Amino acid sequence: MMMNDLRESKRKNIPHRQSVTMIKGVILLNAFLLLVSCAPSLYSVNIKYEPSRTDQKPTVMERKYPITIAVLNDARPAGDDLSVGRVVTSSGNQIPIIPRNLKPAKALTASLRDYMLRAGYALTEEMPAWNLQENAIKKEWGRILIGGKIDTLEIVCNDKIPIKKYRADVKLSLFFADVQKGKIFYTISAAGATSLEHVRFSEEILEQQINGALSYAIEDIFAGNTVQTKIQEILRQNP
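What counts as what
- Residues numbered from 1 in each chain as written.
- Predicted model: local features only at pLDDT ≥ 70, side-chain atom pairs only at ≥ 80, totals over all residues.
- Heavy atoms only, no water.
- Axes fitted to C-alpha atoms, helices over the stretch in contact; angles between N-to-C directions.
- Helix = DSSP H or I, 4+ residues; strand = E, 2+ residues; numbered from the N terminus.
- Parallel < 35°, antiparallel > 145°, perpendicular 65-115°, else oblique.
- Left-handed = near helix turned anticlockwise from the far one by under 90°.
- Contact = heavy atoms within 4.5 Å.
- Nonpolar A, V, L, I, M, F, W, Y, C, P; charged D, E, K, R; others polar.
- Phe/Tyr/Trp six-rings, centres within 6.5 Å; stacked < 30°, edge-to-face > 60°.
- Buried < 20%, exposed > 50% of the residue type's maximum accessible area, 1.4 Å probe, protein only.
- Salt bridge = Lys/Arg side-chain N within 4 Å of Asp/Glu carboxyl O.
- Pairing = 2+ DSSP bridges.

Participant: Help me understand the packing of helix H3 (residues 104–119) against helix H4 (residues 203–222) in this model?
Facilitator: Packed helices, taken two at a time, are described by their axes: the angle between them and the distance between them. The interhelical angle for the contact between H3 and H4, taken along N-to-C directions, is 50 degrees, at an axis separation of 11 Å. What the angle tells us is that H3 and H4 run oblique. The way H3 lies across H4 gives a crossing that is right-handed. Only Leu214, Ile218, Glu219 and Phe222 of H4 make contact with H3, whose side of the interface consists of Leu108, Ser111, Leu112, Tyr115 and Met116. When its residues are assigned to classes, the contact of H3 with H4 shows 7 nonpolar, 1 polar and 1 charged.

Below, the structure is given as structure tokens:
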């Protein structure tokens, strides 16, 4: 009799367990759908120079003649596009990443200015548009003009479970010109890259990676004394 009661009790519990399993499944499905519906349509980062080193120590001559920095030209394949990367979700969707405060060209120009000011260079307030052609240089731009272009600017995150993979790449080319002669006297390119694997995804990490790559590229351009020597040579010729 007791065995029959036990079997009957187990049979009654089977539908109950099935019901609990079904409820859990519904809850998980709803949680997933809620997560998907709440996923942002884009991410944003504040692109800026974050110093790790400043090797330059401008001379009195360089501080006497402020340098003009032209707004960098966006030479990326997509042109003057707001997008600076993407987050690839586990489902394969690609969510764009855009600058938070300034368009890419102005953000990178501001970063270059920030580096040079921290290093001790004197800069003019003017930030003209320059197409990097010598015949477009204007005499009112002072003694030394620095312009350039953005060749690469990208941050990608593969937002997988459990590991998120981040990768950032930046490449810049700078053109240094003698304004009074209307001649480009030096060009240089530099690239910076970062990568990171992390269990957490955040806009803060996206920002750290892209700014790390940018800062490395800028600092690499001015590493050593080549740029400083080239500028000094021009100023000595026509002080």
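Having seen the structure, we can now continue with the description.
Participant: Hey, could you run me through the packing of aromatic side chains in this one?
Facilitator: Describing an aromatic ring pair means giving the distance of the ring centres and the angle of the ring planes. A complete count under the given rule lists 6 aromatic pairs for this structure. Ring centres of Tyr43 and Phe201 lie 5.0 Å apart, and the angle between their planes is 70 degrees; on these two criteria the pair is classed as edge-to-face. Here the residue Tyr43 occupies a position in strand E1 (residues 43–45), and Phe201 occupies one in the loop between strand E8 (183–198) and H4, the gap between them amounting to 158 residues. A relative accessible area of 11% means that Tyr43 is categorised as buried. A centroid spacing of 6.4 Å and a plane angle of 50 degrees characterise the contact between Phe176 and Phe185, whose relative ring orientation is tilted. The class for Phe176 is buried, based on a relative accessible area of 0%.

Participant: What is the right way to look at the pattern of salt bridges in this model?
Facilitator: When the charged atoms of two side chains with opposite charge come close together, those side chains can pair. Overall, the coordinates contain 10 salt bridges when judged by the stated rule. Of the charged contacts, one joins Arg118 and Asp114 as a salt bridge, the two residues approaching to 3.0 Å between their closest N and O atoms. Here Asp114 and Arg118 lie together in helix H3, a separation of 4 residues that amounts to about one turn. A relative accessible area of 48% places Arg118 in the partly exposed class. Asp114 gets classed as partly exposed once you look at its relative accessible area, which sits at 24%.

Participant: Would you mind going over the pairing of strand E5 (residues 94–99) with me for this structure?
Facilitator: Working note: regular strand, side chains alternate between the two faces of the sheet. With burial as the criterion, only one face of E5 is covered, namely that bearing Ile95, Ile97 and Pro99; the residues Gln94, Pro96 and Ile98 on the opposite face remain uncovered. By the bridge criterion, 3 bridges tie E1 to E5 in an arrangement that is parallel. Each residue of the ladder has a partner; that of Ser44, found in E5, is Ile98. Two successive antiparallel strands, strand E4 (residues 85–89) and E5, enclose a turn made up of 4 residues, where Gly92 displays a positive phi of approximately 95 degrees.

Participant: What is the right way to look at the pairing of E8 in this model?
Facilitator: Bridge analysis of strand E7 (residues 164–178) against E8 gives 15 bridges, and the strand direction is antiparallel. Residue pairing for E8: Lys164 is matched across the bridge by His198. Between E7 and E8, which pair antiparallel in sequence order, lie 4 residues; one of them, Gly182, sits at a positive phi of approximately 65 degrees.

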